[in-house]
Every structure is written in structure tokens, then in C-alpha cells.
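Breakdown of the fold
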4 protein chains.
Amino acid sequence: MSGSTYGNIFKITTWGESHGSAIGVVVDGCPAGLSLCEEDIQKFLDRRKPGSSQFTTQRKESDSVEILSGVFEGKTTGTPISLLVKNTSQRSSDYSDIASYYRPGHADYTFDMKYGFRDYRGGGRSSGRETIGRVAAGAIASKLLAELGITVTAYTEAIGPIRINPEHFNIEEARSNQTGMPDAEASAKAEVYLKECIEKLDSAGGVVSCIVKNLPAGIGEPVFDKLDANLGKAIMSIGAVKAFEVGDGIKVASTNGSLNNDSFCMTQGKIAKKTNHAGGILGGISDGSDVIIKAYFKPTPSIFQEQETVNKNGEDIKINIKGRHDPIVVTRAVVVVEAMTAITILDSLLQNMTSRLDGIKNFYRS
Amino acid sequence: MSGSTYGNIFKITTWGESHGSAIGVVVDGCPAGLSLCEEDIQKFLDRRKPGSSQFTTQRKESDSVEILSGVFEGKTTGTPISLLVKNTSQRSSDYSDIASYYRPGHADYTFDMKYGFRDYRGGGRSSGRETIGRVAAGAIASKLLAELGITVTAYTEAIGPIRINPEHFNIEEARSNQTGMPDAEASAKAEVYLKECIEKLDSAGGVVSCIVKNLPAGIGEPVFDKLDANLGKAIMSIGAVKAFEVGDGIKVASTNGSLNNDSFCMTQGKIAKKTNHAGGILGGISDGSDVIIKAYFKPTPSIFQEQETVNKNGEDIKINIKGRHDPIVVTRAVVVVEAMTAITILDSLLQNMTSRLDGIKNFYRS
Amino acid sequence: MSGSTYGNIFKITTWGESHGSAIGVVVDGCPAGLSLCEEDIQKFLDRRKPGSSQFTTQRKESDSVEILSGVFEGKTTGTPISLLVKNTSQRSSDYSDIASYYRPGHADYTFDMKYGFRDYRGGGRSSGRETIGRVAAGAIASKLLAELGITVTAYTEAIGPIRINPEHFNIEEARSNQTGMPDAEASAKAEVYLKECIEKLDSAGGVVSCIVKNLPAGIGEPVFDKLDANLGKAIMSIGAVKAFEVGDGIKVASTNGSLNNDSFCMTQGKIAKKTNHAGGILGGISDGSDVIIKAYFKPTPSIFQEQETVNKNGEDIKINIKGRHDPIVVTRAVVVVEAMTAITILDSLLQNMTSRLDGIKNFYRS
Amino acid sequence: MSGSTYGNIFKITTWGESHGSAIGVVVDGCPAGLSLCEEDIQKFLDRRKPGSSQFTTQRKESDSVEILSGVFEGKTTGTPISLLVKNTSQRSSDYSDIASYYRPGHADYTFDMKYGFRDYRGGGRSSGRETIGRVAAGAIASKLLAELGITVTAYTEAIGPIRINPEHFNIEEARSNQTGMPDAEASAKAEVYLKECIEKLDSAGGVVSCIVKNLPAGIGEPVFDKLDANLGKAIMSIGAVKAFEVGDGIKVASTNGSLNNDSFCMTQGKIAKKTNHAGGILGGISDGSDVIIKAYFKPTPSIFQEQETVNKNGEDIKINIKGRHDPIVVTRAVVVVEAMTAITILDSLLQNMTSRLDGIKNFYRS
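The following paragraphs examine the structure supplied in this document. Because the structure is a prediction, the values reported are computed rather than measured. (Residues numbered from 1 in each chain as written. Chains lettered and ligands numbered in written order. Predicted model: local features only at pLDDT ≥ 70, side-chain atom pairs only at ≥ 80, totals over all residues. Heavy atoms only, no water.)

1. Some points on the sheet that holds strand E1 (residues 5-6) of chain D
Residues and elements named next belong to chain D.
- Pairing within the open sheet is antiparallel, and its 5 strands lie in the order E1-E2-E3-E7-E4. Here the strands that pair on one side only, and so sit at the sheet edges, are E1 and strand E4 (65-67).
- Summarising the sheet, strand E3 (residues 22-28) and strand E7 (residues 81-86) pair through 6 bridges and their orientation is antiparallel. Note that in E7 the partner of Val 25 across the bridge is Leu 83.
- Strands strand E2 (11-16), E3 and E7 of the sheet are contacted by helix H3 (residues 131-147), whose axis makes an angle of about 35 degrees with E3. (Pairing = 2+ DSSP bridges. Helix = DSSP H or I, 4+ residues; strand = E, 2+ residues; numbered from the N terminus. Contact = heavy atoms within 4.5 Å. Axes fitted to C-alpha atoms, helices over the stretch in contact; angles between N-to-C directions.)

Below is the structure:
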């Protein structure tokens, strides 16, 4: 029960360490009949690939995915889809001295306490490379959601103190610049800010937003498996995320009901809402509006300044971390947020299919 | 799979609607040998009971718990503990006109979309009364944690714009006043604020904080079942919560690594941290510091001002909600946050017991 | 994780001991919109009620069920259905001396080893009364299956050495006589045999068969959740069952492929099978033929002959068990087998709804 | 939820088709600190390898396992162990005509009904090659059980009508001959029988027994997760198994309580049983005696005689199956039964660690 499986019906199991021979995921419960090829998955992986901008580690990894099972004649078979990415750039020697001490802000100490020892090469299982499996599975979930007309789109909302201006919103911009910000002006400022961080041997945090469009009303379960509870878990399970919001998020705590309630109204013959403070979820169930969530990432803990810590002999020491580290995790994490959201939304849609007797009768009658 | 079960080893299943004959929970997986009586549970339930202050609904419910199974001669038997609370004050007539329309900010519309109809009496399953089962189960989890020396303490951090001053912190104060704030001065201000809200026929939001002390390092799983991911789900699954933070939460996004990293240091011969920005969790696993989380609650959606909405015939209408409603959910939700945190922490401790071969060998050798 | 929950989508959690105040079940994941009243459930419970024949314990229990939640205006709401049966005839004094020793064939010793102590009143959680929850949940599952045209029928196949003659098969007979055998002649012989057992202060075993009709082909999952694997678990989880068969069962081990293979053939324009050695399941998935399973029950371990055992002081002793015990469990277990089968079949049908992309697209398009 | 994951704490997820590029398993929840190398796993895989006797398919597969993750410096890390075996002998052309019709006794038809199409190459996911993942995971479980002094041993009990003589029992014999029978005389007879089957272009069924020694009393959960229920599911999930027994199995149905009850007695200062009709499990929980189970396998459905079936156009046809097929599955299935038993026993041991408060307190105090 080391918790490497996520999802109830569309179920993913990730495996692999930063410096093992490969990393991967098994996707169980993907319905049969979805067209799927490696290129569908590769384009998602390419969005998180290192070395693609000046703000990501210069470690070179092609991160090429192989489909080992579950696809036959170009379609999913309904049985497990096994995806594998070989690790090709494991310079373990960079990490040799890490074995003796605990890096601040990292999981070194907690892994040691839990397991009695750890794979100290590049963080082992706590490495960001673990997210490769999530992104690969998310590519499949996104493709399936697209068949239902549902889109999931994540982007960088803020880097350090720089936030996007919603009036400038342009998702094409986010997909082509180095920050993932859908606002060219904010992105330019963020680049300057990140360069300053690098010069100061420091790192930056940031915010990723994600929007789900065209999700029908009625998706999610009313008690523990609320859609926002499941999204909360999905997002908080991404390394470095320290806060999660749905809709207006923390702002709701200081407002009043008269301002926060979204009035229902008839729009083009359909029930809609005049506002969307709720972020598309009421009582844990989708209300037909856009689902809007935000993930808050801490700054990369690996910084090149001298830091204080302790070693395994219980001595206070000073360290200088070496190696290849991103000055910010947000830019590469955008696609991870998108992937985890897509997986969660799809899983909720599948779970919802058994919520009504009439739906079941129609299904088996046809 | 309507998601009424929570937990992996210490597993709770809640049931019941606001206006059914009773409400309850089955706790499966509670270890044998814990002393347990109804009073242990009742004192937790009394903390969420309505009618106990001027800021909670005047609906009178004794909320008396009965233990129906799983306890023999004053100790838990290891088999399911069934707990039941009778509903005694169901004035369904108050809700008769709700059946025809969708209240803004409520789950009326989403339940209808999901299930094809709903129990419109007092919110049915989406009622705050569902949390009775959580609190009852949380009382058991807290008692068991206490046997291991671990404490879980929640309190009101903010009501509307009024926040506590950490320098005034006094948990006894929180347990005796009407706001749950551990700061008499802030509490007094909050009372004034809430009275204003009531006068304006409006409602207020707020923040609940929760601190876990004495949790050993090494608890939590490294990937999807990160301790903070599971806490995130636990807290986000409470109705009206719209944001979740661990440690410094959203602030981490705008700071730098050099400021956010907590240095390790030797303190009294043990490994500790100089600061606790991380909120006691690194890489999803407890680091031995206090675990600190925050839940952001929206204002009660039931307000007595006129509101706009639509009815089931698809007509725009104006409504005036009647009935008995809290002007704020936070004061009664404090114990719910504490309960969900205790359940999650206990479950993680139980899961962790199989993480090392040597621990297993010791267990079965003795 | 004491394992009191069964099912993936249609999920039941049973609770309660033989001599607690009540016993019950929570059914989570029942679709909304099923007509349901207490009488639907009561008629299943009446089939397992004690005291209804000379071959069952004379303990008098009305076993009246109450629906506490999940049904509104005569229909299931999609949220948990909590069912409760009060224990009314707990003569705990009958069991006082059992506390000091371990009854042969019972779970006394194993509970003590597992939990460190046990509820010794009437077997506590290991009592046959635990099956009340299963039967109540099975009544709901059966009713829902009937909406899809699927029937589940169990009956007594054998009592001790007396087997039914398939040529005499008459299910009405099984529902009206005291043995549950669908064969009046065999039933009469079995009654004589059981009376002999009672006279000898002994007990008898037997076999229960169960047939599922009109299950569509394609239900079940191909690897670990094979339909027959899940049925095997469901049936083996009933106390006193020591063997499970599907189709020809153990006979297949001594036959040849040429005799055991069921040829496919066209019948009335549809694909069918000429024979059904497989019992309706191929590769873990239903093939459209009747699903046929058998459960083998051991004789009631509580017999009134003197027996040898040990007490808690580690002394060899001789005992004479008192109390009220059935000379055979099979007659009352028929409805338990039917219930567990119905629950498993329904759960598999619900799981199957997400197996194909086209089915999902149709579902969400309509 | 296509059911490719098995286990609660020690959790395995298998993937791969007969004719894909590889087949494998992810083992999640294996405790940290177990010495593990590829050879530990390979020796289990070699026991199921084809081509090792005249009674197995002559398809040549080296079935060499690679450990891709979860082991560092020779020890398990507590994180997922990914194991991969490349398929090297995929002569898909042998299967080209199978695509158009449904082989009797195979899962061809049921897969088509479930998924809308199937991977027809060698059975795809329903191929016996799926068990490679089970056996690889079972090797790890067995190694871990050995650390606790627990052994799991399976062997061929019967082939067609030929049964072993318990008085001749010699497990070394079973490991060296071609039948897996621990009885040289029976094995010789079985070889003659199998040659006759081959000559008649027919196939044979058989029985596999499995014994677990040194399992402590108290393992297993009392209701749905009874140890025998979980073993029943584990064994029934192996392709071609049609019946499962624990202890005396089906015989219990025709005996009496006085003969079937196992008396407890003091033996060398410990509680033991005079007999073991129960097969080591009472009330779903281990009683300290040997756990004894049996699996009944049907004859290989692929026989070389002409058979009747239907094709996808709905026409009655006659077929002659070609390709490479074992005349009996039992000899290669012995290690699969052993693996599934080991995984189930280990998982139950891990689950049991949280059954008592005192055990938990001892664990966290040390």
C-alpha cells in the first residue's frame, strides 16, 4: 500500500526512480476502442521534457515513450496499457555526496525515516521524473475526454510575484513561450524575474491554473469523493504543491454569502449561473460551469547558495548542492496539473455512469 | 461507488440524510483493545451540536450517539463499530417550497442533475448533518492517537476579515467562546462582525486551522497517497471548503527557495528544523515537526435576503429562503476539520506499519 | 481494514454481533430511482429467519428490517441505504461458560489469537447473524437485477448424502418445504436424515446451488476480477463454506478437452452453446449461458455430543455445548448464497458499463 | 476498473498480452529492506517456462526478467518494483484465422462481447502468459514469507484420473519430474496418460494442491476478507480453474459435525488440533495448522481434433486449431498457484498488523 495507484475506474500505477533504468505507468480501466499511438502521448511528455528552455535543468532526456501493451491495431483493447520511458541521462556521480546528508526542503530525511534508507540518486522515487507516468496517463485521459467534447487546459498563472493579467489571456502564447504564461507581457516580466533568481543562486515558486470546459452537470460524488476533494488530492499529490483552490478559493473566507452565491438564471433555454465564484462545483458535484482550480508551488528546494543542514552522523554542516536543477518547477509542472486533472475528471465521469437506474436500463437495453 | 467510505485501513462509511429517521457511521478497521464508551464520542458531537450559540441554527437536536456494535466490555473488538444518532427535529414542512427551485450556492441543482431527483428536505445527503458521522468517527481516531501521544487540535483562524493574533493564542479560549477563536480579542470583534451579518440578512466565511503534534517522522506515502494529498482530500470533502493549505500554503508561490527551505539542525541530540514553512511534511511524508493545515470555508449559502434563481420549470424567479440556518459554518466546522484530520493521520500511521521488513519481522517475532 | 466492506461499485458494509443491540448493513452505490420498501427486503430476511422450521434454531427473532436512509418517496436516492435489524432474543447467559474455552470447529480460538480477546456471546461477529446484512443488501441487488430481466435463484442441492434428482426440479417446492430442496422426494429423505442427525446429537452438511439467468454475455473482468473469481470470494466468505465450483467444477479435472469444451452454435439466429460445462463463464467473462455455481457447507460445528478441546488455561478438557443451534446451516444459507451472488453479479454489471468507448459516448450523448 | 490489480497492501498490477512486445507486473507495497535480485525471480519463472518438458508447448521463450525499479543496492526500497519480461517468440501468423471465429472453451467470444473486438493473437490478455506477472510477484512474496519462516509449496495432486498416493509424498520428486507430482509412481502413470491424450489429439485436466506451513494463528479477516475467501478469489482468478477447496473441501458436505470438527488439544505446551479437516482456517482466520487448498483445472481447450463452432458472420463451422499448445495446463500452473497463494498469505499478514492496539503501541514505541 505504498500508494502508487490513483483512480477508481480509470486507474494508473506509476513506477520508477530518477536514476533507475526506466520509468513508467500502467493504465488499467481505459475503455476499449480509443485510437491511440505513441505520438498522442509523446506530445504531452514533450511539454514536461527538461532542457526545453533556459529555465529548466539542462539534463538532456529524450523521454521517448513506448507502448508495451493494451493497444492493438491502433486502438485500446480495454486491458492495461503499459507505458515505458527509458532513463538515458543518469549521472549518478553528481549525487554521491548527497547520500551522507539531508537536503533542506527535500524528501531525503523523510524517506530515510520511513524506509530505513533511500535511493539517494537524484531523489529516487521523490524525483520530479515520477511525474512522467502521470503525464503519459494524462495524455490518454485527455484524448478520451476530447471524444466527449471536454477540454482540460492548464497554464502558469503566476511566477513569484508576477501574475498574468486576465484581460491579456491567450492560451497560444502559453504554449509557445518559456514560462507557460498566457500573457506575453507577464511572461516577459517573469523571465526577467527568473534570471534574477538564477543570478542570486535562488529559486522561485508560482501558481498553475487549470480550467475544465464542457463538463456536464452532475459529475462527482456527494460526500468523500466530491469532485473538488478528488481534484484536491490529485493536485496536492504533485510534489512541491502546498495549496489548492477551487473557484474563488481562499477569498471566499472573507466575503459574504450575498456576494459569493452564484445566482442561477436561464440562458438560451438552459440553466446557467450568472457568476462562477464556486468554480463549477456545488456540493462536490459539477454544475455545468467551467471547473476552475489553482495549484500553488513552492520554489525549487535545490538552490546553489550555501545552506545549513545535518548529516547522517547527526552533525550540523553547511552544504553546496551541485547538479542540474530547475530554478522553478512551475513551467514544467503545468502539464502535470493538466494530466492529474484530466485523469480525475475522466474517472469521475466513468463513476457517474451508474448513478441512475434509468441510465443503467438504457445501457443494457441497447 | 457513491463515495461514502473514507480511509484505507481505518475506514469510515457515513450514511443518513438531514430529515431521515437517523444518521450514522460504521467504523471498520479500528484496532481491538481501545477503551471506548458513548461519552468519548458524545463530547465531540456536542462541539458541533446546533443551538449551542447565537451563531448556530436554533434547530434543537440532542444528537445523542448510540454504539450499536464493535464494543464489548468497554473495549473495541476489532470489528465494525456502528454509531447512530437519531434525528429528532425534522420540520420538513420548512422545506416544502424548496422542492420546486434551486437555491444558489447549494447542491440542489447538482443533485438533481446527477440522480434525476433529490431529497429536498434540508439538503438531504448534502446537509451539514452528514458530518455527524465524521465527527463521531473522528472522536475514536483522536482517542486512539492520544494513546500514541499524538494530538490533533483545530480552531477558528479567521471569521470574515477578522483574524486571530498568534501572540494571543490560547486554545482554552477557543473551547469556551462562541467563535472557536483562540484569541479573546479577535473573538469579540468577530462576534460584532457576525451580528452585523445577521442584521444584514447575510452570512460570513472563515478559516479553520489544525495542528498535529508529536507525529513521528516517516508517516505518509511518497506518491499519490502523500500525507498532504490525503489531508487535502479529507478537508476538501467537507462541504463549503473551497481551499486547502499546508504550512505556508499559498505564500510559497511568491517567495524564494532560500527563504522557504527549512534548514535541518541538531536540537537536544535530535534532528529538527529551524523553521517550519513546510508545515511538517516533505515529499508527502511527515518530518517530525508539527503538521499545520488550513481550511477556507465559504459563507453559508442560505441567506435571508431575496435572491435570484430558476425553478424546475425553467423560469427565472426570486426567492426568500426560510428555515433555520447558521450565519456561519466555521464555528461548528472546527470539530469536523479536527475529526477528518485525526482519521487521516491515524490511517497513515496504520498504513506505515508495513513499510519496512525489519518492522514486520519484529512484529511477528514478538 | 477489517474487511467488512464488499463490492466495488455496489458496495455493502455489514456490522453487528450476535448479541449486540442490533445488526445491519450500509449499501453504498445503489443507483437512484429504484422503487424500494421494507417489505422488499423483509421477504428475503424471512427466508433466513430462525425458528421457521424444525431444523433451525428455536431462537425466536422477528428480524424486522428498518430503512434508515437512502430512500425518499419510495425510491432510492443514490446515497447510502442504511438497514437495521434489532436483536431481540439475546440470551447471553447461555454462552457464559464458552468464554473460558475454545469450541471445536468454531472461530473462538482464531478470534482470540487475532484480537487478543473476543465477544464470546454467540460467536459475536462470527455468528451466522452477520449474514442478515448480506441478505438485506442482496434483496436490493436482486430487485435491481430483476429490472434488467436477470434472475438469481439458489436452492439446496444436497443434504448430507441426499442429493436432488435434476429431473424432479421444481423451484416452487424448494420455497415451500423445510429443506429448500426443489425435489419433494429428496426433501422427504433429507428430513428423515436430519431427524437421525438430531437424535444422534450430530449435525449435517450440504450443498447449495445457484443459477443466474439472462445475464448478457461480456460481464466480468479478464484477470483478477474474473466473474468466477469474484463469485468464489463472495461464496467462500460465507461462514462454513469449504468449497466452491463453477459449472462442472471438480469434475473438469478428470475429463478431456474434447468432452469438456462447449461448442458454439447458432440457435434462433443467436450465438449459443450446445452444452454448458463451463457454467456460463469463459476467461472470467459471462458467455450468455446460465451462470451455475455451487457452495459446499460443512456440518454445524455446535453439536450436543461431548467433545474434547482446550481451555484458556491451556488444559485439555471435555465439553458439552448448550444453547440453540441449527442441526444444519444449509437450509437457512440458501438465501445467503443467493444474496451474495446477486450482489456480485450486479456489481459486475455496473463495472462493465465503462468497458467500451462507444458505450460511454452513447451514455453522455443522450 | 478492468481488474488488473490484486492485493490490498502488497499490491500487484499485471499487464501485457501474449503477442505484445513484453509482459510484466508492478509490485507496490513491498516493504523496504528485502534482499532481491533478478535470479530470485528467475527461478520461479523458469518453473512455468514453456518448452521445459514434452508436455508443454514447444514455443521457445527464455522469459528473462528485468528489474526496472524499486531495488537499490540489492535491497527493495519500499517503492514500486517494476518487472518486465520480453516476448521473443510471437509467431502471430499462427493465429491469423482465429480472428474470424470463436474457439470453444476459450475467451474469444466473451472478449468480443465485452470489448467490441479483441487481440486475437494467442489469446491476447487471456493468454496463459498473463501469469508471468503473477509468478514474478509471487517470487518476491515467497522470499519475504521465508524471512518470517513461512513456506508455501504447491504440487500436482492429480492429472486426469491419476492421483498421487499421499504415502509416497516426496516434494523433491515433484520438482524434478515432468508432471510436478510428488510421487514417482503416479507421475509415471500420468506420463503414460498424457501421451495417450496427445495421441488422441486431446487434452487433460488436473488438480494442484498447495500447503502453507508455519503461518501463525490469527491471520485473515472475519467477514468478507476471510483468508479462505481471499485464497478462493486468488485461485479462481487463474485461467482454467473451475473449483476451489480448503481443507476437506467438498467432502464436508456429506459428513457429520462429530467427524468434521477438529478437536483442540495441548501438544508440547501449545494449543494444536488433533486433525485438520478445516485446512487451517476457522471463521476465515488461520488456526496455526497447515493451510491446505486445492485448485481444479479444466483440460486445455485448444485441442487438435476437429471441433464445431461459429464464426463472426454467424455461421456454424468446423475448425482445426493449429499452433503450439500444452496438452495440460496443470504442470505449468503449479507455480502459478504457489505464487497466488504466497501473495495472498503475505497480504493477509501485512493487513493483520493493525488488528490490535497493543501491537500498534509496541510498534511505534520501539
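2. So, the packing of helix H1 (residues 38-48) of chain D against helix H8 (residues 330-352) of chain D
Residue and element names in this part refer to chain D.
- The geometry of H1 relative to H8 is characterised by a closest axis approach of 7 Å and an angle of 140 degrees between their N-to-C directions. As judged from the angle between their axes, H1 and H8 are oblique. Taking contact as the criterion, the partners of Phe 44, Arg 47 and Arg 48 in H1 are, on H8, Arg 332, Val 334, Val 335 and Glu 338.
- Classifying every residue of the contact of H1 with H8 gives 3 nonpolar, no polar and 4 charged. (Parallel < 35°, antiparallel > 145°, perpendicular 65-115°, else oblique. Nonpolar A, V, L, I, M, F, W, Y, C, P; charged D, E, K, R; others polar.)

3. Some remarks on the interface of chain A and chain D
- Opposite the 42 residues of chain A that make contact, chain D presents 42 residues.
- Summing both sides of the interface, chain A and chain D together bury roughly 3,100 Å²; the carbon and sulfur share of this comes to 63%.
- At the surface where chain A touches chain D, the tally comes to 0 salt bridges.
- Applying the counting rule to chain A against chain D returns 10 residue pairs in polar contact (both at pLDDT 80 or more). (Buried area = accessible area lost by both parts, 1.4 Å probe. Salt bridge = Lys/Arg side-chain N within 4 Å of Asp/Glu carboxyl O. Polar contact = N/O pair within 3.5 Å; in protein donor to acceptor, adjacent residues only side chain to side chain.)

4. Details of the relation of the copies chain A and chain B
- Superposition record for chain A on chain B: RMSD 0.0 Å, screw rotation 180 degrees, translation along axis 0.0 Å. Expressed as a symmetry operation, the mapping of one chain copy onto the other fits a two-fold axis.
- Of all interface residues in chain A, 100% are interface residues in chain B too; the two copies therefore contact each other through one and the same surface. (Least-squares fit on C-alpha atoms with pLDDT ≥ 70 in both.)

5. Observations concerning the relation of the copies chain A and chain D
- The operation relating chain A to chain D is a screw motion whose rotation component is 180 degrees, with 0.0 Å of axial translation and a residual RMSD of 0.0 Å.
- Interface residue correspondence from chain A to chain D reaches 100%, placing this contact among same-surface, isologous pairings.

6. Structural notes on the environment of Tyr109(C)
- Structurally, the position occupied by Tyr109(C) is in helix H2 (residues 108-115).
- Sequence separation between Tyr109(C) and Asn311(C) is 202 residues, and the spatial gap between their C-alpha atoms is 9.7 Å.
- The residues touching Tyr109(C), leaving out its near neighbours within four places in the chain, are Tyr102(C), Ala217(D), Phe264(D), Ile271(D) and Asp287(D).

7. Re the interface of chain A and chain B
- Contact with chain A, which involves 105 residues of that partner, is made by 105 residues of chain B.
- Together chain A and chain B conceal approximately 8,300 Å² of surface at their shared face, both sides included; 60% is due to carbon and sulfur atoms.
- Among the residues chain A hides against chain B, the three largest losses belong to Lys114(A), Phe224(A) and Lys242(A). Together they make up 11% of the total.
- At the junction of chain A and chain B, the tally comes to 6 salt bridges.

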